Amino acid sequence: TTASPPHIALLPSAGMGHLTPFLRLASMLSSRSCTVTLITASPSVSAAESSHVSFFLSQHPLVKHIEFQVIPSKPSSNPTTDDPFFLQFEATNRSVHLLYPSLASASPPLSAIFSDFAVASSFAPVAADLGIPNYIISTTSCKFFCLMAYLPVLLSDPSSFSSGLSEVKIPGITPFPLPSIPPPFKNPSHLLTSLIATDAQALSKAKGILMNTFDDFEPETLGPIKSGRVFDYLPPILPIGPLETYEPKKEQDQSYLPWLDSQPAESVVYVSFGSRTALSSAQIRELSKGLERSGYRFLWVLKTSKVDKDDKEELKDPLEESFLDRTKNKGRVVKGWVSQQDILEHPAIGGFLSHCGWNSVIEAARKGVPMLAWPQHMDQSVNAEVVEKAGLGIWERKWGWGLEGLVSGEEIGKKIVELMEDEKLRGLARKVGENAGKATGIGGKSEKVLTEVLEYLEQ
Ligand code: BUP
C-alpha cells in the first residue's frame, strides 16, 4: 500500500503574532497535499484575527475548521495583568479540553496536532489521551524559546533575576543581559510568567518543537540546542522557517501602494510596532519629530490602542495636523491593517523601524530589509539582539523598553539616518535574505526538516 499524506490539526493561541505563522504553516501543509484542520478559539480578542481566519478559509476551501468557545476569564481573577491577550491565553488553556470529542472523531483520523507553545500544558494531556502525536509550534526566536523553556529552573532560584547580576545564564548558550529579560518574568505570580513556566514543563511530552527560524539566522543558539546539549530532556528542535506567506498580493487599492510605487528605490523607512503595541501619545509625537528630522520618506502604521476593536478612525490625534501637512509629500501615516509583506518586498522600502515582534523580524529577514530595532515588551529585546547579531539590523540598547520610557525625536531622527545610510548593513541584510531563501528552497535546511516530519507522519 502507498502511504497517504497526513491529516494535521493546527491549534494557534491568541493574537496576530500567533495566528499568522499558523495560517502560513496551514497553507504550506495544504499545498503539500496534507489534510488540514484549523482550530480557532471564539470569540477572538482582535478583529484582525477573525477577519484573517475567514479570509484564509475562503482562500483554502479544502481546509477544515473547528471553532470552539473559550470559557471567558473573570478580569478580577487575575490581578497581575489586564492584558486581553494574556487573559485569552489563560482562558484558552482552561477550554481546550472541550476539543476532545471533535478531535477524537476527526475523519480521516488525525496523524498529528501542531499546537501553540501557549497552550502546551493544557493540551498535552488531551493529545496523550487521544494517542495523537503533538508537535509544539514556537512563534518566537529560538533564543527566547530557550528562556521560556528554562523559566521553571530560573524561578526556582529567587536570585536568578536579582538586580546585582548583569546577565542570566542558561548553560550551553550565550547569556541574556538582564535588561533583555521581560519585566513580568521577575514576578513568579504574574499570570504570563506562571502560564509560560507551566507550559515549559509540558514540553518534554511533545514529539517535536517546530520553530519559525532558520539555522543561518540563529546559529549561536540553534547549534548547541539541536545537538541536545542544552535541554537533554526536550524532543527535537525543528527549524522550518521562514514560513511562506499565503496572502495573495494585494491589488493597488490601498493608497500607500501606488504612493510607494512613485518613490525612489530604498528611500522609504517603514515604521510599525506590530498588532498589539500602542505607543504613548508623547512617544508618538517624538517619533513624528524624529521622522521629520531624519529627512527620509516614511510609511508609518500608527496604532493608538492595544486591541484593534478600540481603534478610532481619525488620524489627527495625537499627531499634530501641522505635522501631517508638512510631511504630506514625504510620508504616509496609515491606520488600520496594512499588508506588511507587500510593503517589505516593495523596492522603495530601505529600512524598517520595528518593535521586533518575531514575525516582523522573520519577514524582514526573508526580504533582506535592514532593521532599526526598538523593542517594546516581552520577547522583543531578545529578538533585537538576534537581529543585531545576524547582521540584519541595528539596536540602540539605551532606548530600553519602548513602552517604559520616552526617546526624544532628536535621537530617533539620528538613528533613522544611521539605518538608512549604512551601506555595510544593507549588504549584510541582503545576505540574510539570500540565506533565508536558501533555507526554504528545494533541498534547503528548513525545507528538508519539514519534509522529514511530514514523511514520518504519513499514514
Ligand atoms: Br500591525 C500589522 N499588517 O498592519 P509580530 C501587522 N501585520 O500584516 P505582534 C500586518 O502581523 P507578538 C499590519 O506582518 C506580522 O506578520 C505582520 O506579528 C502582520 O508582532 C504580524 O511582528 C505581527 O510578531 O505579535 O503583532 O506584536 O506580540 O505575538 O509578537
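About the criteria used
- Residues numbered from 1 in each chain as written.
- Predicted model: local features only at pLDDT ≥ 70, side-chain atom pairs only at ≥ 80, totals over all residues.
- Heavy atoms only, no water.
- Pairing = 2+ DSSP bridges.
- Helix = DSSP H or I, 4+ residues; strand = E, 2+ residues; numbered from the N terminus.
- Axes fitted to C-alpha atoms, helices over the stretch in contact; angles between N-to-C directions.
- Contact = heavy atoms within 4.5 Å.
- Near = heavy atom within 4 Å.
- Polar contact = N/O pair within 3.5 Å; in protein donor to acceptor, adjacent residues only side chain to side chain.
- Areas by Shrake-Rupley, 256 points an atom, 1.4 Å probe, with all protein chains shown as cover.
- Nonpolar A, V, L, I, M, F, W, Y, C, P; charged D, E, K, R; others polar.
- Salt bridge = Lys/Arg side-chain N within 4 Å of Asp/Glu carboxyl O.
- Buried < 20%, exposed > 50% of the residue type's maximum accessible area, 1.4 Å probe, protein only.
- Expected span 1.5 Å × (residues − 1).

## Digging into the sheet that holds strand β15 (residues 393-395)
Each strand in a sheet pairs with its neighbour through backbone hydrogen bonds, running either in the same direction (parallel) or in the opposite one (antiparallel).
Working step 1: Strand order in the open sheet formed by 6 strands is β12-β11-β10-β13-β14-β15, and the pairing between neighbours is parallel. Every other strand in the sheet has two partners, leaving β12 (331-334) and β15 as the edge strands with one partner each. Direction aside, neighbouring strands of the sheet carry axes that sit 15° apart on average.
Working step 2: Looking at chain direction, strand β10 (residues 268-272) and strand β11 (residues 297-301) are connected through 4 bridges and run parallel. Among the inter-strand pairings, Val268 is bridged to a residue of β11, identified as Arg297.
Working step 3: In the packing of helix α14 (residues 380-390) onto the sheet, contacts are made with β14 (371-373) and β15, and the angle to β15 comes to roughly 135°.

## Section: the site of the ligand
Working step 1: Ser275, Val338, His355, Ser360 and Glu363 are the nearest of the 16 residues found near the ligand.
Working step 2: One of the side-chain nitrogen or oxygen atoms of Asn359 is found 2.9 Å away from an oxygen atom of the ligand.
Working step 3: A distance of 2.5 Å separates an oxygen atom of the ligand from a polar side-chain atom of Ser360.
Working step 4: Taking 620 Å² as the accessible area of the ligand by itself, protein coverage stands at 93%.
Working step 5: Here the shell around the ligand is composed, by residue class, of 3 nonpolar, 10 polar and 3 charged.

## Some points on the pattern of salt bridges
Working step 1: The final tally for this structure, using the stated rule, is 22 salt bridges.
Working step 2: Measuring nitrogen to oxygen at the nearest pair gives 3.1 Å for the salt bridge that ties Arg24 to Glu247. Here Arg24 is found in helix α1 (residues 16-31), whereas its partner Glu247 is found in the loop between β9 (237-239) and α9 (256-261), with 223 residues between them in sequence.
Working step 3: A salt bridge links Glu286 to Lys289, with the shortest nitrogen-to-oxygen separation between them at 2.8 Å. Of the two residues, Glu286 and Lys289 both sit in helix α10 (residues 281-294), 3 residues apart, roughly one turn of that helix.
Working step 4: According to the relative accessible area criterion, Glu286 is buried, its value standing at 16%.
Working step 5: Residue class for Lys289 comes out partly exposed when judged on its relative accessible area of 43%.
Working step 6: Each of the salt bridges in this network shares a partner with another, and the network as a whole consists of Glu396, Lys398, Glu411, Lys415 and Glu418.

## Brief notes about helix α3 (residues 84-95)
Working step 1: The terminal C-alpha atoms of α3 lie 16 Å apart, and with 12 residues this matches the ideal 16 Å at 1.5 Å per residue to within 8%.
Working step 2: With respect to burial, α3 is a largely interior element, 10 of its 12 residues being buried.
Working step 3: Within the sequence span of α3, burial applies to Phe85, Phe86, Leu87, Gln88, Phe89, Glu90, Ala91, Thr92, Asn93 and Ser95.
Working step 4: Capping the start of α3 is the job of one residue whose side-chain oxygen sits 2.7 Å from the backbone nitrogen of Phe85: Asp83.

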